[in-house]
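Okay, here's what each chain looks like letter by letter:
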Amino acid sequence: MSNYHIKHLEEYFQVYRKSVRNPEAFWEEIAEEHFVWRKKWDKVLSWDFSKPEVKWYEGAKLNITENCLDRHLPTRGTKTAIIFEPNDPNETAEHISYRQLHERVCRMANVLLENGIGKGDRVCIYLPMIPELAISVLACARIGAIHSVVFAGFSANALSTRIIDSDCKMVITSDGSYRGAKTIDLKGIVDKALEDCPGVANVLVAKRINSNIAMKEGRDKWLQPLLDEAYADNVAEVMDAEDPLFILYTSGSTGKPKGMVHTSAGYMVYTAYTFKNAFQYKEEDVYWCTADIGWITGHSYIVYGPLANGATTLMFEGVPSYPDFGRFWEVVEKHKVNQFYTAPTAIRALAKESLDFVEKHDLSSLKVLGSVGEPINEEAWHWYNNNVGKKNSPIIDTWWQTETGGMMITPIPYVTPTTPTYATLPFIGVQPALMDEEGNEIKGNQVDGRLCIKFPWPAMARTIWGNHERYRETYFSAYKDMYFTGDGALRDAVGYYRITGRVDDVIIVSGHNLGTAPIEDSINEHPAVAESAVVGFPHDIKGNALYGYIILKETGESRDRENLRKEINQQITEQIGPIAKLDKIQFVSGLPKTRSGKIMRRILRKIASNDTSNLGDTSTLLNPEVVKHIMDNVL
Ligand code: WTA
């Protein structure tokens, strides 16, 4: 029996039991046998969820890039580490071997060092899905700098907020990016963001679209000439197990994004181990995750997890609809992809198009299909299973979060029998619990509640950058000695979990987490707006879309409503990004509030979802009359 690679259901149960009976012995064995360490740990785990404080492999010394790169050189030097598939199918794909990737990361690491970046410094990476993105991430890890990747679809304002929050000294970006038939002026966005960020001393600029951009003297440097001159080797910095590896921002219920901090050793062990099992990765396989490295899925399952296993991981620069809706399947056929990992929103969008786009491609290489980011609805699941997997490739519906670092509840393909819309069983070492609103654990099966995790797992985030109290408050205060996920879930008769969605003010739109508070803050800054409330409503491609209820100031009342809608969405686009735009905007005279002044979002959600049969008792509201008025004018 191999604990590292689980191959059948009996083995899963055995290994699972072992992992929860004696987690320390279990995680010690995994770490010992499958990774390289400069020094082994003194203690496998210490934890206290009340503080909260969690330490894995304390005392160990390592560098994650030695595990992702150096150790593969003797056996996998010529194996392809990264396949880069460009936006334009006519541009040649690039195959970067482990040896080449090692060299490029070393050069980049030396460039960072020469530009004043050292261990513990924060570096903001704002790049499209080009090899430089993965290389920059790894180069930071190599020298012990903390990377903060900001998704290159975020606005200047969102970018500067993140740069300031973690006090980044450097930004790595490109002249621009391709997105289908469009180009985006990334450097222009960076320039705008940096007007508010005096702490950024250097901007390194990769060339991608060859646009004519302004370079600020003394601050901006083209990356390639620096790489060409840099040494091709670099001795990795020796890191402590609990040294921060990266910061990644996620939306919360209040305005400011939360900079989740992940550390080195536990994150490495867990992402590698989950990758191996959840994809049943075998040495010759080609693996493709369509996420952007700007999200946690890309960090854990494009970069670190696959590379730690010596896998071939594909990076795709483009979009599923360009040049046509067959692009994903064309790439699968071209590179003979074996494991394919995407989001339900992409599946729903593709399912709307003609089946010819799928059928004209040979997808027989596929062995495993993955889903992540939001619940996958039954229809999308079947479409994926029938048309992409031809009923031959198990679908793994992987539930996890930026905060969890790696997959938490997921089938293991060819091991766990799957059921549409169910994330099925907890991964090895994961101890979920369902809680009621009074704080009691709901035991047994055929129950539902709020999803918590009872025991630490190696890849959990350790804190929120600069705000440990917010970390405690958000995740560890709702239920004693539990990590609270913010999600609801049910457990069926056989113990399978199904995630039912967020139970807080986070809305998942096209797989992206959006907090209602930052969007409302942005709307409220519009001079004509007095107050607003944003809720989600079901959308057949995005999963959820945003509905805004807006009260205008008196001065706004005379304004043209269509123009106002455009201006408000423009404002959101500038401050957060286009993903946070409202699909519907209803101008209202009041918002339903409790007597303590809290907006009753539950009612607004129901109205926006056209589900008003069961609004509950509204008579206790401060202003019950507004409910009818809102309902009469719903869009
Ligand atoms: C949701 C993405 C249902 C969930 C890795 C979670 C899911 C949030 C699933 C985290 C799934 C993610 N089924 N819901 N398979 N996967 N979610 O931080 O609400 O971008 O809390 O991490 O996405 O989103 P995040």
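Residues numbered from 1 in each chain as written. Predicted model: local features only at pLDDT ≥ 70, side-chain atom pairs only at ≥ 80, totals over all residues. Heavy atoms only, no water.

Looking at an unreviewed UniProt entry, one finds the protein chain named Acetate--CoA ligase and attributed to Aggregatimonas sangjinii.

(A) Structural context of the overall build of the protein chain. Scanning the protein chain for helices and strands turns up 20 helices and 30 strands. Taken over the C-alpha trace, the protein chain has a radius of gyration of 24 Å; the compact-globule value for 635 residues is 26 Å, and the two agree within 12%. Principal-axis analysis of the C-alpha atoms places the extent of the protein chain at approximately 75 × 65 × 55 Å. Within the protein chain, the proportion of its 635 residues that are buried is 61%. If you take every contact in the protein chain between residues at least 6 apart in sequence, the share linking residues at least 24 apart comes to 70%. Summed over all atoms, the accessible surface of the protein chain reaches about 24100 Å², with 48% contributed by carbon and sulfur. Taking the average place of the 70 positive charges on the side chains of the protein chain and the average place of its 82 negative ones, the gap between the two points comes to 2 Å. (Helix = DSSP H or I, 4+ residues; strand = E, 2+ residues; numbered from the N terminus. Rg over C-alpha atoms; globule rule 2.2 N^0.38 Å. Buried < 20%, exposed > 50% of the residue type's maximum accessible area, 1.4 Å probe, protein only. Contact = heavy atoms within 4.5 Å. Areas by Shrake-Rupley, 256 points an atom, 1.4 Å probe, with all protein chains shown as cover. Lys, Arg positive; Asp, Glu negative; His and termini not counted. Charge placed at Lys NZ, Arg CZ, Asp CG, Glu CD.)

(B) Geometry of the site of the ligand. Inspection of the region around the ligand gives 17 residues, with Asp 397, Thr 398, Thr 402, Asp 487 and Arg 502 positioned closest. With respect to the ligand, the backbone of Gly 373 contributes an N or O atom lying 3.1 Å from a nitrogen atom. Asp 487 is positioned such that a nitrogen or oxygen atom in its side chain is 2.5 Å from an oxygen atom of the ligand. Surface burial for the ligand is 95%, taken as the share of its 530 Å² of free accessible area covered by protein chains. Elements that contribute at least two residues to the shell around the ligand include exactly α11 (296–308), β20 (395–398) and β25 (497–502). In terms of residue class, the shell around the ligand is built from 7 nonpolar, 6 polar and 4 charged. (Near = heavy atom within 4 Å. Polar contact = N/O pair within 3.5 Å; in protein donor to acceptor, adjacent residues only side chain to side chain. Nonpolar A, V, L, I, M, F, W, Y, C, P; charged D, E, K, R; others polar.)

(C) Region of the structure containing the sheet that holds strand β17 (residues 312–316). Taken together, the 7 strands give an open sheet; going across it, the order is β5-β4-β17-β16-β18-β19-β20, and neighbouring strands pair in mixed fashion. The open sheet terminates on both sides in strands that have one partner only, identified here as β5 (94–97) and β20. The sheet shows a mean angle of 20° between the axes of neighbouring strands, taken without regard to direction. Sheet analysis places strand β19 (residues 368–372) next to β20, joined by 4 bridges and oriented parallel. Note on β20: the bridge partner recorded for Val 372 is Thr 398. Each of β4 (80–85) and β5 is contacted by helix α5 (residues 98–114), which is oriented at about 80° to β5, the strand it contacts most. Packed onto the sheet, helix α6 (residues 131–143) meets β4, β5 and β17 and runs at close to 125° relative to β17. (Pairing = 2+ DSSP bridges. Axes fitted to C-alpha atoms, helices over the stretch in contact; angles between N-to-C directions.)

(D) Fine view of the pairing of strand β24 (residues 483–491). In terms of residue burial, β24 counts as a mostly covered element, since 8 of its 9 residues are buried. Pairing analysis gives 6 bridges linking strand β22 (residues 447–453) to β24, with the strands arranged antiparallel. Across the sheet, the residue bridging to Gly 449 is Ala 489, located in β24. With 5 bridges joining them, β24 and β25 adopt antiparallel strand pairing. Note on β25: the bridge partner recorded for Asp 487 is Arg 502. In textbook terms, the turn of a hairpin is the stretch between consecutive antiparallel strands, and for β24 and β25 this stretch comprises 5 residues, one of which, Gly 495, has a positive phi near 90°.

(E) A look at the packing of aromatic side chains. A full pass over the atoms with the stated rule returns 47 aromatic pairs. Where Trp 47 meets Phe 455, the ring centres are 4.9 Å apart and the plane angle is 65°; that geometry is what we call edge-to-face. Note that Trp 47 is positioned in strand β1 (residues 43–48) and Phe 455 in the loop between β22 and β23 (463–464), a separation of 408 residues in sequence. For Phe 455, a relative accessible area of 15% gives the class buried. Their ring planes at 70° and their centres at 4.9 Å tell us that Phe 279 and Tyr 341 sit as a pair that is edge-to-face. Taken together, the positions of Phe 279 in the loop between α10 (264–278) and β16 (286–289) and Tyr 341 in strand β18 (residues 339–342) put the pair 62 residues apart, joining distant regions of the chain. (Phe/Tyr/Trp six-rings, centres within 6.5 Å; stacked < 30°, edge-to-face > 60°.)

(F) Geometry of the pattern of salt bridges. By the definition in use, this model includes 41 salt bridges. Notably, a salt bridge pairs Arg 107 with Glu 103, separated by 2.9 Å at the nearest N-O pair. Residue Arg 107 and its partner Glu 103 are both found in helix α5; the two are separated by 4 residues, about one turn of the helix. Arg 601 is the salt-bridge partner of Glu 520, the closest N and O atoms lying 2.9 Å from each other. (Salt bridge = Lys/Arg side-chain N within 4 Å of Asp/Glu carboxyl O.)

(G) Broad picture of the packing of helix α1 (residues 9–21) against helix α2 (residues 23–34). Packing of α1 against α2 leaves a shortest axis separation of 5 Å and a crossing angle of 115°. Contacts from Val 15, Lys 18, Ser 19, Val 20 and Arg 21 in α1 reach Pro 23, Phe 26 and Glu 29 in α2. Its residues assigned to classes, the contact of α1 with α2 comprises 4 nonpolar, 1 polar and 3 charged.

(H) Structural view of the environment of Asp 175. Considering the arrangement of structural elements, one finds Asp 175 in the loop between β8 (170–174) and β9 (177–179). Judged by relative accessible area, Asp 175 falls into the buried class, the value being 0%. Sequence separation between Asp 175 and Trp 457 is 282 residues; the distance between their C-alpha atoms is 40 Å. For Asp 175, the side chain forms a polar contact with the main-chain nitrogen of Asn 210, separated by 2.8 Å.

(I) Examining the sheet that holds β22 more closely. Strands sit in the order β21-β22-β24-β25 across an open sheet of 4 strands; the sheet is antiparallel. Strand pairing shows two members of the sheet lacking a second neighbour, β21 (432–435) and β25, which therefore form its edges. Averaged over all pairs of adjacent strands, the angle between strand axes in this sheet comes to 45°, irrespective of strand direction.

(J) Spotlight on the UniProt feature "domain: Acetyl-coenzyme A synthetase N-terminal" (unreviewed entry) in the protein chain. Following the UniProt record, the feature "domain: Acetyl-coenzyme A synthetase N-terminal" (unreviewed entry) maps to residues 12–68 here. Along residues 12–68 the backbone is 47% helical and 25% strand, and the end-to-end C-alpha distance reaches 26 Å. (UniProt positions renumbered as here; feature names shortened; annotations may be inferred.)

(K) Structural view of the nonpolar core. Membership of the largest hydrophobic core comes to 124 residues, with the highest contact counts inside it found for Trp 27, Trp 37, Tyr 57, Leu 101, Leu 112, Tyr 273 and Tyr 304. In this structure Tyr 57 touches Trp 27, Ala 31, Trp 37, Trp 41, Lys 43, Val 44, Ala 241, Ala 265, Gly 266 and Val 269, once residues within four positions along its chain are discounted. Ile 83, Phe 316, Trp 329 and Leu 369 belong to the second-largest nonpolar core, a separate cluster that totals 25 residues. (Core = buried A, V, L, I, M, F, W, Y, C linked by side-chain atoms within 4.5 Å.)

(L) Broad picture of the packing of helix α17 (residues 516–524) against helix α18 (residues 561–575). In contact at an axis separation of 9 Å, α17 and α18 are set at 125° when each is read in the N-to-C sense. Taken together, the axis directions place α17 and α18 in an arrangement best described as oblique. Handedness of the crossing formed by α17 with α18: right-handed. For the pair α17 and α18, the contacting residues are Ile 519, Ser 522 and Ile 523 in the first and Ile 568, Gln 571, Ile 572 and Gln 575 in the second. Tallied by class, the residues present in the contact of α17 with α18 amount to 4 nonpolar, 3 polar and no charged. (Parallel < 35°, antiparallel > 145°, perpendicular 65-115°, else oblique. Left-handed = near helix turned anticlockwise from the far one by under 90°.)

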